[in-house]
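Survey of secondary and tertiary structure
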Amino acid sequence: MGRRVTTATERPGESADTTGDRSGSRAGAVRRGLVRPVVLSVVAALGLVLGGPAVAPAGAVSVCAGRPAKTVPFGTGELRVYKSRSYACALAVAKKSGPRRAMSVTIQARGGQPVTDSGRYTKQAGPVTVHALNRCVRATGKISGKSGSTGWILC
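Description of the structure in this document. Quick caveat: nothing in here was measured; it's all calculated off a predicted structure.

Describing the overall build of the chain
When helices and strands are tallied, the chain shows one helix and eight strands. Looking at the 155 residues of the chain, the share that counts as buried comes to 26%. Contacts spanning at least 24 positions in sequence make up 44% of the contacts within the chain whose residues lie at least 6 apart. Counting only carbon and sulfur atoms, one obtains 58% of the accessible surface of the chain, whose full area is about 10,500 Å².

Dropping the structure here:
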C-alpha cells in the first residue's frame with residue numbers, strides 16, 4: 001500500500017469524496033437539491049426589487065445608445081440627439097403615429113460625411129449614428145415638410 005496524499009480541500013483524517021457530498025450521506029444531496037431553487041428564487045426576487053424590469057414610458061422609447069444630448073421640437077415632431085462616449089445618434093420622431101409620410105433624419109460629425117435615413121414612415125426616421133469622439137456634430141430632422149435642426153453641438 002502506498003502513502004495517501006490529502007488534497008487542499010480535504011482535512012486530515014477525512015477521505016476524498018468523488019461525489020462532492022462532504023457529509024457522505026444522501027442527506028447532503030437532498031440539502032443541495034433544496035438549496036438551489038431557494039437561492040435562485042431569492043436572486044430573482046432581488047433582481048426585480050432592486051433593478052426592476054426596464055420599462056420606459058411610451059413617449060421615451062429610443063433605439064439610440066447613450067444619454068439624451070439635445071431635443072429640438074418642431075411642428076410635426078421632434079429631433080432627438082443622443083451621445084455616448086464615442087458616438088452620436090439621431091432620430092426624428094413624429095408627434096402622432098399615423099399613415100406613412102415622408103420623414104428623414106441626418107447627422108454629421110465635423111469633418112465627416114453626413115449619414116441620412118429617409119423614407120415614408122409611420123412613427124420615426126432613424127436612428128443614424130456617427131463616430132463623434134472629440135468632434136462636434138449637427139443633426140436635422142424633417143417630417144411632412146416641417147423640420148428642426150441643431151446646428152453644431154457637443155463641441
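Here's the deal with the nonpolar core
If you look at the biggest cluster of nonpolar residues, it comprises 20 residues, and the most contacted ones within it are L79, A90, V105, I107 and V137. For this core, the secondary structure elements donating two or more residues are β1 (67-74), β2 (77-83), β3 (87-94), β4 (101-109), β6 (124-131) and β7 (137-143).

Focus on the side chain of R101
Position of R101 among the secondary structure elements: in strand β4. Here R101 sits buried without a salt bridge, and the closest side chain of opposite charge, E78, lies 12 Å off (N-O distance). Reaching out from R101, the side chain makes a polar contact with the backbone oxygen of K96 at a distance of 2.5 Å. What R101 contacts, discounting residues up to four positions off in sequence, is A94, K96, G119, R120, Y121, T122, I143 and S144.

Thresholds, definitions, all that
- Residues numbered from 1 in each chain as written.
- Predicted model: local features only at pLDDT ≥ 70, side-chain atom pairs only at ≥ 80, totals over all residues.
- Heavy atoms only, no water.
- Helix = DSSP H or I, 4+ residues; strand = E, 2+ residues; numbered from the N terminus.
- Buried < 20%, exposed > 50% of the residue type's maximum accessible area, 1.4 Å probe, protein only.
- Contact = heavy atoms within 4.5 Å.
- Areas by Shrake-Rupley, 256 points an atom, 1.4 Å probe, with all protein chains shown as cover.
- Core = buried A, V, L, I, M, F, W, Y, C linked by side-chain atoms within 4.5 Å.
- Lys, Arg positive; Asp, Glu negative; His and termini not counted.
- Salt bridge = Lys/Arg side-chain N within 4 Å of Asp/Glu carboxyl O.
- Polar contact = N/O pair within 3.5 Å; in protein donor to acceptor, adjacent residues only side chain to side chain.

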